[in-house]
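Chain by chain, the residues run as shown.
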Amino acid sequence: MNEIKTVFGFTVRSAVRKKPFKISTIVLLVLILILCALPSLLSSDTDASEETVAEKTYNCYYIDASGLIPGGREVLEALLPGAEIVDGDIEKLDAYGAECDGNGSTLVVEVVERDGAPFINLYQGALANTTGVVDALNERYVASLLAENGVSDDVIALTAAKLGSAALPLGTMRFTGYVAGIVVLMLMFFAIYFYGYSVASSVASEKSSRVMETLVVSAKPRNILAGKLFGTAFVGFVQLAVCAVFAVACYQLLVPEGFTVAGMPLSFETFTPLNALLILLLFVLGFFLYALLYSITGAMVSRTEDLGAAMAPVTIINFVAFYSAYFIALIGGGGLKDTFSLIPFTAPFILPFRLLNETVPWHIPVLALLLLAGTFAAIAYATMKIYAASVLYYGQRLRLRDLVKIKL
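Everything in this summary refers to the structure shown in the same document. Everything numeric here is computed off the predicted structure, so don't read it as measured data.

1. Observations regarding the pairing of strand 3 (residues 107-114)
Two elements, strand 1 (residues 58-63) and strand 3, share 4 bridges in a ladder whose sense is parallel. Its bridge partner being in strand 3, Cys60 is matched across the sheet by Leu107. As judged from the 8 bridges shared by strand 3 and strand 4 (residues 117-124), these two strands associate in the antiparallel manner. The partner of Arg114 across the bridge, within strand 4, is Ala117.

Written as structure tokens, this is what we have:
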């Protein structure tokens, strides 16, 4: 145990002192801060823009020589508080155009008769606000037409009323759960890749510098490997935990209450304690499963230059598991999802997404965790044997068939 503690402490101190760790932590925190601050900034910009439009005064020339829409001018005055409604003349259209060239906001509303009904021509500058103009005038015309035909004011008001509506969620998938599932999936992939590479690189560099010979004399190979794995995992999990706590704090302080994305509210109802526990277990076991494989690749090379080629098989497995889980989580059928949810190499990717977006039968995550734990135990045993046999091997890069010749 003391040997593991010694290697663990050495690994942690070495990792936190490296510039990549410090830079990546700062970059992640800055990105989180920017993402959480964006809603407030966008809301502020929108409010400021609305205030500017409301305060800005521009001319809106209303032309209805035949009086086709009674009360049309009053409608525009209520609809466009930032505009000065002026009776216009179509003969002065060129003058209005010259005025528009100066401010870009001039608006000309001309009502003419076409096919026995009013027809609206809008002559607008590049910055003119015409939202709702035609609809408002159309409602006014219909109301006046109904009044002329003896329809009561109550019925007219009812015809102008808008139907109420509400956007309600269907199924268990939510926008927040969808995004969170993708984020967890991406975090799992990058954590495995970068921290797994860190384990392999650490072992390979110590072999190339012959430091491993000193370590093996003072500690057993299995304890060295355990210390390195736990140390690297500790650094990675602490970094992610710091980012998670910082993200929660930024969300609480910076994201406006009731903020929506494309009309969809942010909802965290799928983040139940049970789901959080299952996702954490999947994340930890999945990380250690791949970290064990990466540690073998570091022990099988004698030079750090050969590390990339040695890591290729594990990296391919990681990529295949990530992309297969990604596409199956989005478009796969129920049976296909269940199958990939039980495969130890893909379960850490696909199950977190499903737990945040679906009602998953309880036996699926339980069986997946048992299979993942069993696979981890088997690979851990084999890794300890292979690591002990190959860690002091120098020369050409070891291949799997070469391990058979070495006494395990």
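2. Some remarks on the side chain of Asn59
For Asn59, the position within the fold is in strand 1. Once you skip the residues sitting within four places of it in the chain, Asn59 turns out to touch Glu84, Val86, Glu99, Ser105, Thr106 and Leu107.

3. Examining the sheet that holds strand 3
Read across the open sheet, the 4 strands follow the order 2-1-3-4; overall the sheet is mixed. Each end of this open sheet is capped by a strand with a single partner; those strands are strand 2 (83-87) and strand 4. The sheet shows a mean angle of 25° between the axes of neighbouring strands, direction not considered. Running over the sheet, helix 5 (residues 133-148) touches strand 3 and strand 4 and is turned about 155° from strand 4.

4. Regarding a nonpolar patch on the surface
Taken together, Ile26, Val30, Ile34, Leu35, Leu38 and Leu41 make up a surface patch of nonpolar side chains, about 550 Å² in accessible area. Checked against the element boundaries, Ile26 lands in helix 2 (residues 19-55). When its relative accessible area of 55% is taken as the criterion, Ile26 is described as exposed.

5. Details of the packing of aromatic side chains
Counted by the stated rule, this structure contains 17 aromatic pairs. A cation sits over an aromatic face here: Arg114 above Phe119, 3.8 Å from the ring centre.

6. What to know about the pattern of salt bridges
Within the structure shown, the criterion is met by 3 salt bridges. With a shortest N-O distance of 3.5 Å, Glu77 and Arg73 are connected by a salt bridge. Note that Glu77 and Arg73 are positioned in helix 3 (residues 72-79) at a spacing of 4 residues, about one turn of the helix. Residue classification places Glu77 among the partly exposed positions, given a relative accessible area of 41%. A salt bridge links Asp338 to Arg354; the nearest nitrogen and oxygen atoms lie 2.9 Å apart. Placement of the pair is Asp338 in helix 12 (residues 334-342) and Arg354 in helix 13 (residues 347-357), with a sequence separation of 16 residues. Classification of Arg354 as buried rests on a relative accessible area of 4%. Here the salt bridges do not stand alone but share partners, grouping Arg73, Glu77 and Asp87 into one network.

7. Things to note about helix 10 (residues 273-299)
Under the 1.5 Å per step criterion, the end-to-end length of helix 10 is 39 Å for 27 residues, consistent within 8% with the ideal 39 Å. Summarising burial for helix 10: 20 of the 27 residues are buried, a large majority.

8. Here we look at the packing of helix 10 against helix 13
Axis separation between helix 10 and helix 13 bottoms out at 9 Å; the angle between their running directions is 170°. Overall, the two elements helix 10 and helix 13 adopt an arrangement that is roughly antiparallel. Contact residues: helix 10 offers Asn275, Leu278, Ile279, Leu282, Gly286 and Tyr290, while helix 13 offers Ala347, Pro348, Phe349, Leu351, Pro352, Leu355 and Leu356. Split into classes, the residues belonging to the contact of helix 10 with helix 13 amount to 11 nonpolar, 2 polar and no charged.

9. Considering the nonpolar core
Grouped together as the largest cluster of nonpolar side chains are 53 residues, with contacts concentrated most on Leu229 and Phe349. The biggest single contributor to this core is helix 10, with 14 residues. When sequence neighbours within four positions are dropped, the list of residues in contact with Phe349 reads Leu185, Met188, Phe189, Ile192, Tyr290, Asn318, Ala321, Phe322 and Ala325.

10. Comments concerning the packing of helix 3 against helix 5
Axis separation between helix 3 and helix 5 bottoms out at 10 Å; the angle between their running directions is 140°. Classified by the angle between their axes, helix 3 and helix 5 sit oblique to one another. Remark: the crossing between helix 3 and helix 5 carries right-handed chirality. Listed contacts from helix 5 to Gly72, Val75, Leu76 and Leu79 of helix 3 are Val133, Ala136, Leu137 and Arg140. Here the residues of the contact of helix 3 with helix 5 sort into 6 nonpolar, 1 polar and 1 charged.

What counts, and at which threshold
- Residues numbered from 1 in each chain as written.
- Predicted model: local features only at pLDDT ≥ 70, side-chain atom pairs only at ≥ 80, totals over all residues.
- Heavy atoms only, no water.
- Pairing = 2+ DSSP bridges.
- Helix = DSSP H or I, 4+ residues; strand = E, 2+ residues; numbered from the N terminus.
- Contact = heavy atoms within 4.5 Å.
- Axes fitted to C-alpha atoms, helices over the stretch in contact; angles between N-to-C directions.
- Patch = residues over 30% accessible without salt bridge, like charges linked within 9 Å, V, L, I, M, F, W, Y side chains within 5 Å.
- Areas by Shrake-Rupley, 256 points an atom, 1.4 Å probe, with all protein chains shown as cover.
- Salt bridge = Lys/Arg side-chain N within 4 Å of Asp/Glu carboxyl O.
- Buried < 20%, exposed > 50% of the residue type's maximum accessible area, 1.4 Å probe, protein only.
- Phe/Tyr/Trp six-rings, centres within 6.5 Å; stacked < 30°, edge-to-face > 60°.
- Lys NZ or Arg CZ within 6 Å of the ring centre and 35° of its normal.
- Expected span 1.5 Å × (residues − 1).
- Parallel < 35°, antiparallel > 145°, perpendicular 65-115°, else oblique.
- Nonpolar A, V, L, I, M, F, W, Y, C, P; charged D, E, K, R; others polar.
- Core = buried A, V, L, I, M, F, W, Y, C linked by side-chain atoms within 4.5 Å.
- Left-handed = near helix turned anticlockwise from the far one by under 90°.

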